[in-house]
Structure formats: C-alpha cells, structure tokens
Amino acid sequence: MQNYAAIYEPARLEEGAFVGPAVIFTNDFYPRAISPEGVPKRAGDWTPVGVTVRRGASIGARSVCVAPVTIGRWALVAAGSVVTRDVPDFALVAGAPARRLKWVGRAGVPLEPAGEYRFVCPQTGEHYAEQDGTLSMSEGAP
C-alpha cells in the first residue's frame, strides 16, 4: 500500500495485492450525510460495502474503486481509472469508467496473441487461454 491510499472498511486485500499512491476505495454505494427527513445519518443508518483485491492484482496511482467491486487475480488497473464494476482475472483496465483493454499475465505485461483465444506472456513464456470472456493459465504451448 503506497502513500495517501484511502482504504475504507470492509475492504479486503489478498496476498501480493498492490495499491498505488492516492488510490481510493469507497465503502458506501448510496452516500448521504442526512436522511430524507434532514436528520444527520449515524453508523446504523447505512451498510458499508467493500472493495476486494484478489491475489497479485495491482491498482495504479490515483485510481478510484467504487464499492462493491472485486479486482480479479493478477489484474491491472491503470493509473487514474475509475472502477465501477468487477474486473476479471488477468484483465488490464483503464479509463473512467474502467474498461478492459487487454489481457496481462502474472508478470504484469500485456500478453501476445498465440492463436485463436490463446495468449503467451513475452516475459515468462506462460500460456493463457480465453473462454467466455475470462482468461486462465493453460498447460504448455497451444
């Protein structure tokens, strides 16, 4: 976790998760300071929701994750992104709202095509397969 990150409960960070500088995790899907009657809200007047960051995922500087969302295993959120929905495992997302641009491997670098619905990491040589919009590691070469 880097400087100035704002991580609000009930956030959950798994092993190896990286949270860049000035990242914000929200915890209130419907934020209001007062009730419809104009009375200040108290702790019991809302239910906190969290951001979950799965193993090995990285959140770039100044990104905002609007709870409740899950950042998948080994996913990469580009700096300055606004995450408003779940990020799949191995996805590289960017923008406001964040959208998937590419797939990345465990090394964090974009994967290269290696046949239909197959990818390879140029750094590690690991192979991946895409099926139904999700990516998973595969055994050996295609």
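So, here is what we can say about the structure in this document. Everything quoted here is computed from the prediction, not taken from an experiment.

All right, on to the overall build of the protein chain then. Per the secondary structure count, the protein chain includes 0 helices and 16 strands. For the protein chain, with 142 residues in total, the buried portion stands at 33%. For the protein chain, the accessible area works out to roughly 8,400 Å², and carbon and sulfur atoms hold 52% of it. Side-chain charges in the protein chain split into 14 positive and 14 negative, and the spacing between the mean points of these groups amounts to 5 Å.

Turning our eyes to something else, we now look at the nonpolar core. It is characteristic of soluble globular proteins that their nonpolar side chains tend to be buried jointly. Counting 27 residues, the largest nonpolar core has Phe-25, Val-53, Ile-59, Cys-65, Ile-71 and Val-83 as the members making the most contacts within it. Of all the elements in the fold, those that place two or more residues in this core are β5 (51-53), β8 (69-71), β11 (91-95) and β12 (98-103). For Cys-65, the contacting residues outside a window of four places in its chain are Ile-24, Phe-25, Thr-26, Val-51, Ile-59, Ile-71 and Val-83.

Quick look at the sheet that holds strand β15 (residues 127-131) now. With antiparallel pairing, 4 strands are arranged side by side in an open sheet as β13-β14-β15-β16. Since the sheet does not close on itself, it has two edges, and those belong to β13 (112-113) and β16 (134-138), each with one partner.

Looking now at the side chain of Glu-130. Among the secondary structure elements, Glu-130 is positioned in strand β15. Among buried Asp, Glu, Lys and Arg side chains, Glu-130 stands out as unpaired, with Arg-100 the closest opposite charge at 4.3 Å. There is a polar contact of 3.3 Å between the side chain of Glu-130 and the side chain of Trp-103. Once residues within four sequence positions are removed from consideration, Glu-130 is found in contact with Arg-100, Trp-103, Tyr-117, Phe-119 and Leu-135.

Ordered by their spatial adjacency, 4 strands build an open sheet running β1-β4-β7-β10, and the pairing between neighbours is parallel. This sheet does not close on itself; its edge strands, each paired only once, are β1 (6-7) and β10 (82-83). When strand β7 (residues 64-65) meets β10, the two strands line up parallel, connected through 2 bridges. Each bridged residue has a counterpart across the sheet, and for Cys-65 the counterpart in β10 is Val-83.

All told, the structure shown has 5 salt bridges when counted by the stated rule. One salt bridge in this structure joins Glu-14 and Arg-54, with 2.7 Å as the shortest N-O distance. Remark: Arg-54 occurs in the loop between β5 and β6 (58-59) and Glu-14 occurs in the loop between β2 (12-13) and β3 (18-19); sequence separation between them is 40 residues. Residue Arg-54 is classed as partly exposed on the basis of its relative accessible area of 26%. A salt bridge links Glu-126 to Arg-106, with the nearest nitrogen and oxygen atoms 2.3 Å apart. Here Arg-106 lies in the loop between β12 and β13 and Glu-126 lies in the loop between β14 (118-120) and β15, a separation of 20 residues in the sequence. The class for Glu-126 is buried, based on a relative accessible area of 16%. What makes Arg-106 partly exposed here is its relative accessible area of 37%. One salt-bridge network, in which partners are shared between bridges, spans Arg-12, Glu-14 and Arg-54.

Rules and cut-offs
- Residues numbered from 1 in each chain as written.
- Predicted model: local features only at pLDDT ≥ 70, side-chain atom pairs only at ≥ 80, totals over all residues.
- Heavy atoms only, no water.
- Helix = DSSP H or I, 4+ residues; strand = E, 2+ residues; numbered from the N terminus.
- Buried < 20%, exposed > 50% of the residue type's maximum accessible area, 1.4 Å probe, protein only.
- Areas by Shrake-Rupley, 256 points an atom, 1.4 Å probe, with all protein chains shown as cover.
- Lys, Arg positive; Asp, Glu negative; His and termini not counted.
- Charge placed at Lys NZ, Arg CZ, Asp CG, Glu CD.
- Core = buried A, V, L, I, M, F, W, Y, C linked by side-chain atoms within 4.5 Å.
- Contact = heavy atoms within 4.5 Å.
- Pairing = 2+ DSSP bridges.
- Salt bridge = Lys/Arg side-chain N within 4 Å of Asp/Glu carboxyl O.
- Polar contact = N/O pair within 3.5 Å; in protein donor to acceptor, adjacent residues only side chain to side chain.

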